[in-house]
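# Analysis of the macromolecular model
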Amino acid sequence: MSELFIIWSILASQILLSLAMGCALFRMVRGPRAQDRILGLDALYINAMLLLLTFGIRTANTIYFEAALIIALLGFVSSIAFAKFLMRGEVIE
Amino acid sequence: MLLILVLAPFAGSLAAICIPTQKGTAAAWLAGSIALLCLVISAGLYTVISSGTPLRYDAAWLPELGLNLTLRMDGFAWMFASLVAAIGLLVVIYARYYMSASDPVPRFFALFLAFMGAMLGVVLSGNLILLAIFWELTSIISFLLIGYWHHNANARDGARMALTVTGTGGLCMFVGLMLIGHIVGSYDLDVVLSSGNVIRDHPLYTTVLILILLGVLTKSAQFPFHFWLPHAMAAPTPVSAYLHSATLVKAGVFLLTRLWPVMAGTDEWFWIVGLAGLTTLLLGAYFAIFQQDLKGLLAYSTISHLGLITVLLSLGSPLAAVAAIFHTMNHATFKASLFMAAGIIDHETGTRDMRRLSGLFRYMPITATLAMVASASMAGVPLLNGFLSKEMFFAEAIETHKYNILDTLTPYVATIASMFAVTYSIRFIHSVFFGPPPQDLPKVPHEPPHWMLAPIYFLVFSCLVVGVIPALTIGPFLHTAVQSVLGIATPVYSLAVWHGWNLPLFMSLIALVCGVGLFLVMKPYLTTSIEGPPFFRRLEGQRIFERVLVTLSWKWARSIEMRAGTRRLQPQMRILVAVALVAAAVTLLLQGFKPAAIAFRSIDPAFALIWLIGMICAIGAAYQAKFHRLAALVLLGGAGLVTCLTFVWLSAPDLAATQLLVEIVTTVLILLGLRWLPKRIENPDDPELMTISTRLRRLRDLATAVFAGIGMMLISYTVMTRELPETISSYFLERAYSEGGGTNVVNVILVDFRGFDTLGEIAVLCIVALTVFALLLRFRPATESLETPEQQRVQNAFDDDHPDRKKGDSIAEYLLVPSVIMRWMFPVIGMLAAFLFFRGHDLPGGGFAAGIAMSIAFILQYMAGGTRWVEERLRIHPLRWMAIGLLVATATGLGSWLFGYPFLTSHAQYASLPVLGKIPLATAILFDLGVFALVLGATVLILIALAHQSVRAPRAQMRAAKMAAKENA
């Protein structure tokens, strides 16, 4: 019974996370400002990380957490680079 | 022994390069001793050779392709090798005194020795391909030798012309030799020499003949390819003496003689070779009369004498071949000595112009006497060696070999050419050594140093001895050489000086008398005339050659570039994609390709949603790419992320991790580049710019892109849905742990099974990074993107306006919190990199991923603090890291040699460390360390090179301002 519960809840969470990614995508595509797009990308990254975790739980394999770890640690780098670009006009001064 | 004979000059050449420029004498000693060594070796081999069996040395090189390192020495090769070594030695002695101290003498001797080696290689090759290789080497090294004084435009032009002509010929000859190999079924010279009938009866015979003759005739400067040789006279005189008497031009004659037994005797041979030879013989002698340059005269005389040898070979009779071999030797001796004499005259008087030289006999009697004897030999005066072979030539010319007009003409042409030879020989001597004392010469002439004359003494002495007692001196050697070429067909010939009163002697007498008469008639004209023969002066081969070159390499190249080339990326991409599309479509349709039916089954809803997001991202990125670069980049990031998720979903976690890291670095990289792209000016919605042709063009591009994309998808889908055949991957899966000592198969493949590939790949990465670095060093941004970005100007202006603020305060305040986080992330990311690196062998990770992760740590520091801030605090030497990485990886590979295993064999072991526990410690981890260092270095190098543009930009701005000010003023 609990097994079935987990399977369904993981499926639900995956679909919901995907939908969340879809929302982030909407901001990325529509904008209207560049800042919105970048925040959209950042949200997309976070959702992807969570999605990876659920995937790891579903397959009962920690090997997939590695990619999640990398997103968690380094996913912010591209957001920062974008932000710096908008704020200063160049990434590295 | 044969191997030493060929390799010693090359080894000497390498050694001579290392000698410092001032130590010219040391280089001369080295070259001299190498030449002496070669001479001694070949002299020592004579007893073996004279018995009649060729000496062979075989070493397998590429036996599958029929290419072996075969050296073969028979009598003929022996004769040539001795000639090359002996004249080489004499020229070295001569050059020691000829070259001035201000020239880079070691380079001269290095090239000289290399040339000698190449020539010996041509002579001794027992394999046709090997022969072609050495042949090309002689072309290339002669190019370098002729252009030795590269500050001189004439030398450069002459060298280039020689290389173009002989190189093109060599290429044709190479094809010809390969065809022979195809006909005979072997490239081995012995096999080829014994299958003459097969070659002559083969339908490809004419093709082979023409191709090989193209190589031979260009090399031996035969008409109509003779024009490069006079221009090659811009070389230093020792080079001319060597190249144009005994070696380079004789290589053509050598090959002609070598292949004589298998190719001669047919009508095609007779006509092509005979016509070229006769024309060259006559025209060369005629042109030689009218030269005003000493070396020019000798050059045309060389051409004419080579023509003589060619004619002899064309006749197809064994006696004529004997004469050809004999004349080859004689010509080498007297022509080398004459070139040396001309060099002495040039050296001691400062000019080679015969109009300015005269009466030198009173200043240099010894040189004069020697030159007189040598040129008498060139003219064919009795009791000298030139006379003997010329008599043989006359005797053969009279004989009827074929019933056609060319054969009938031969004796007349021979006599006339011989008459011309007498005329130019007399002219050479008379205008230089006799007459009134010279006026206003650049130097006061005197006898050269004794040792400079020694080689000429020797050569002239041999001319005399051979001329007087031929049978006792040259006889046995000539016989060995002749026998090795002709075999059982060796005719009976006599080397006597006196054959009685016969027709050849009369022809000689006529030539001598008429030649003297012609000289007396022409003398007044020649002392004042301009360079070059009358009538033919305008019809110069060089002009035609240059016209052809200009048309080929300038006009045609330009027009091709105009039509096919473009500086814009878009048309290139369009052509590239279209060609790929058409090629793939045609191939697939012809092969009957059917895409697999697309089946929708058991779809994971989350996965489908992610893919939908990815597709929208990709299409959006493509749509926005032109007018909203930043938006396109953001969307590209989304598409990349979805790709990584897909990798995870399809169980490739290591790929996903690496791809994620690459994704992040790429985003930063493109952002760095975006700064320097000029802004777009056009408005996409401007109706005036949207003409019909623009719309059509866009539609076409869209269609191309869509078709290419769909095609690619169909192909991949079909491949992926097929049943996997038994591939190599199962092998790797089985052996990864048992033989590579790791459970991460991908990593084991990279660092162990395919370690050599990886080594090559990281070397390529290294090269790419260095290229990017070098290109960015010279990068000059467009003027409109030079100025500081608008945001920075606004913020700086704000700082400037408030007296309590310093410049740069705004950015420091903005970044106060993020920069702390970014700086503190450095050790954390370093930890992550170490984690990825160490577990790489068994679990996802590895040197590549670790390297990129570490490079992100560095980029963060740069972003947080700026270039100057970081470089004041951290020592960043990406070039050194790359070097260390490459060295470590290579050293690991070499290390396995120490234990007697092949390159890059790895050894696996687990080690227990106190805190970390048991970690895998294969030697592959050292290799992976190299990969790590190199990837880190390369990534950081490229990113930093881009980042440094911002530091340099203010300087560029100042330059631009200065330029503008100058223009206004």
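All values derive from a computational prediction rather than experimental measurement. (Residues numbered from 1 in each chain as written. Chains lettered and ligands numbered in written order. Predicted model: local features only at pLDDT ≥ 70, side-chain atom pairs only at ≥ 80, totals over all residues.)

### Considerations on the overall build of chain A
Check the secondary structure of chain A and you find three helices and zero strands. Listing every helix and strand of chain A by position from the N terminus yields α-α-α. Residues counted as buried form 47% of the 93 residues belonging to chain A. (Helix = DSSP H or I, 4+ residues; strand = E, 2+ residues; numbered from the N terminus. Buried ≥ 20, exposed ≤ 12 C-beta atoms within 10 Å, placed from the backbone.)

### Examining the overall build of chain B
From N to C terminus, chain B includes 40 helices and four strands. Split into buried and exposed, the 969 residues of chain B put 45% on the buried side. Intrachain contacts of chain B at a sequence separation of at least 6 include 78% that bridge at least 24 residues. (Contact = placed C-beta atoms within 7 Å.)

### With respect to the packing of helix 15 (residues 267-289) of chain B against helix 20 (residues 405-433) of chain B
Residue and element names in this part refer to chain B. Remark: helix 15 packs on helix 20, axes separated minimally by 8 Å, with the N-to-C direction vectors making an angle of 25 degrees. Classified by the interaxial angle, the pair formed by helix 15 and helix 20 is roughly parallel. You can see that helix 15 and helix 20 cross each other, and the crossing is left-handed. Across from Trp271, Gly274, Leu275, Leu278, Leu281, Leu282, Ala285, Tyr286, Ala288 and Ile289 in helix 15, the residues of helix 20 making contact are Leu406, Thr410, Val413, Ile416, Ala417, Phe420, Ala421, Thr423, Tyr424 and Arg427. Per-class residue counts for the contact of helix 15 with helix 20 are 16 nonpolar, three polar and one charged. (Axes fitted to C-alpha atoms, helices over the stretch in contact; angles between N-to-C directions. Parallel < 35°, antiparallel > 145°, perpendicular 65-115°, else oblique. Left-handed = near helix turned anticlockwise from the far one by under 90°. Nonpolar A, V, L, I, M, F, W, Y, C, P; charged D, E, K, R; others polar.)

### Structural notes on the confidence of the model for chain A
Detailed reading of the predicted model is not advised wherever pLDDT is low. Summary statistics for chain A give a mean pLDDT of 88 and a share of 100% for residues scoring 70 or more. Per-element averaging of pLDDT across chain A places helix 3 (residues 65-88) of chain A at the bottom with 88 and helix 2 (residues 34-59) of chain A at the top with 91. (pLDDT = per-residue confidence, 0-100.)

### Brief notes about the interface of chain A and chain B
Counting from both sides, the interface comprises 42 residues of chain A and, opposite them, 50 residues of chain B. Broken down by secondary-structure element, the contributors of at least two residues to the side of chain A that touches chain B are helix 1 (2-30), helix 2 and helix 3 of chain A. At 15 residues, helix 3 of chain A tops the list of elements feeding residues into the side of chain A that touches chain B. A class-by-class count of the residues in the side of chain A that touches chain B yields 30 nonpolar, six polar and six charged.

### Here's the deal with the nonpolar core
With 202 residues, the main nonpolar core has Ala31, Ala81, Val84, Phe109 and Ile146 of chain B as its most contacted residues. At 20 residues, the largest contribution of residues to this core is made by helix 4 (residues 75-98) of chain B. For this core, the domains that each give at least three residues are domain 1 (1-165 + 233-255) and domain 2 (264-534) of chain B. The contact partners of Ala81 of chain B, leaving out residues within four places of it in the chain, are Leu5, Ser42, Met73, Leu120, Val123 and Leu124 of chain B. Counting 104 residues, the second largest nonpolar core, distinct from the first, contains Phe82 of chain A together with Leu633, Leu672 and Leu836 of chain B. (Core = buried A, V, L, I, M, F, W, Y, C linked by C-beta atoms within 7 Å. Domains from an automatic or database assignment.)

### With respect to the pairing of strand 2 (residues 67-73) of chain B
All names here are of chain B. Inspection of the sheet shows strand 1 (residues 55-62) paired to strand 2 by seven bridges, in the antiparallel sense. Within the sheet, the bridge partner assigned to Leu55 lies in strand 2 and is Met73. Here strand 1 folds back onto strand 2 in antiparallel fashion, the turn holding four residues, of which Gly66 has a positive phi close to 75 degrees. (Pairing = 2+ DSSP bridges.)

### Quick notes on the packing of helix 17 (residues 318-349) of chain B against helix 23 (residues 475-486) of chain B
Residue and element names in this part refer to chain B. In contact at an axis separation of 10 Å, helix 17 and helix 23 are set at 130 degrees when each is read in the N-to-C sense. One element, helix 17, and the other, helix 23, form an angle in the oblique class. The handedness of the crossing between helix 17 and helix 23 is right-handed. Every residue of helix 23 that contacts helix 17 at Pro318, Ala321, Val322, Ile325 and Phe326 is listed here: Leu478, Ala481, Val482, Val485 and Leu486. Of the residues contributing to the contact of helix 17 with helix 23, the split by class is ten nonpolar, no polar and no charged.

### Some remarks on unusual backbone geometry
All names here are of chain B. A positive phi is found at Ala221, a non-glycine position, where the angle reads about 55 degrees. Residue placement: Ala221 occurs in the loop between helix 10 (205-219) and helix 11 (228-231). Positive phi, normally seen in glycine, also occurs at Leu383, with a value near 75 degrees. Its location among the elements puts Leu383 in the loop between helix 18 (365-379) and helix 19 (385-398). You can call Leu383 partly exposed: it has 13 C-beta atoms within 10 Å.

### Quick look at the environment of Ala849 of chain B
All names here are of chain B. One can find Ala849 in helix 37 (residues 847-865). In this structure the C-alpha to C-alpha distance between Ala849 and Leu661, which are 188 residues apart in sequence, comes to 7.1 Å. Residues contacting Ala849, with those up to four places away along its chain left out, are Ala657, Thr658, Leu661 and Leu836.

### As for the confidence of the model for chain B
For chain B, per-residue confidence averages 82 on the pLDDT scale, and residues scoring 70 or more make up 91% of the total. Interface confidence for the predicted complex, given as ipTM, is 0.96, next to a pTM of 0.67.

### Focus on helix 17 of chain B
All names here are of chain B. Its 32 residues place the ends of helix 17 46 Å apart at the C-alpha level, agreeing with the 46 Å of an ideal helix rising 1.5 Å per residue. With 28 of 32 residues buried, helix 17 is to be regarded as a mostly interior element. Backbone geometry just downstream of helix 17 places Gly350 in the positive-phi region, at approximately 90 degrees. (Expected span 1.5 Å × (residues − 1).)

### Observations concerning helix 1 of chain A
Because an α-helix packs 3.6 residues into every turn, residues spaced three or four apart end up facing the same way. The end-to-end C-alpha distance of helix 1 of chain A is 42 Å, a good match for the 42 Å that 29 residues give at a rise of 1.5 Å each. Of all the residues in helix 1 of chain A, the buried ones are Gln14, Leu17, Ser18, Met21, Ala24, Leu25, Arg27 and Met28 of chain A. The secondary structure elements touched by the buried residues of helix 1 of chain A are helix 2 of chain A together with helix 27 (605-624) and helix 28 (629-649) of chain B. Phi turns positive, to about 85 degrees, at Gly31 of chain A, one or two residues after helix 1 of chain A.

### Focus on the environment of Thr70 of chain B
All names here are of chain B. If you trace the backbone, Thr70 turns up in strand 2. In this structure the C-alpha to C-alpha distance between Thr70 and Leu3, which are 67 residues apart in sequence, comes to 9.4 Å. Not counting the four nearest positions on each side in its chain, Thr70 is found in contact with Arg56, Tyr57, Asp58, Gly126, Asn127, Leu130 and Asp188.

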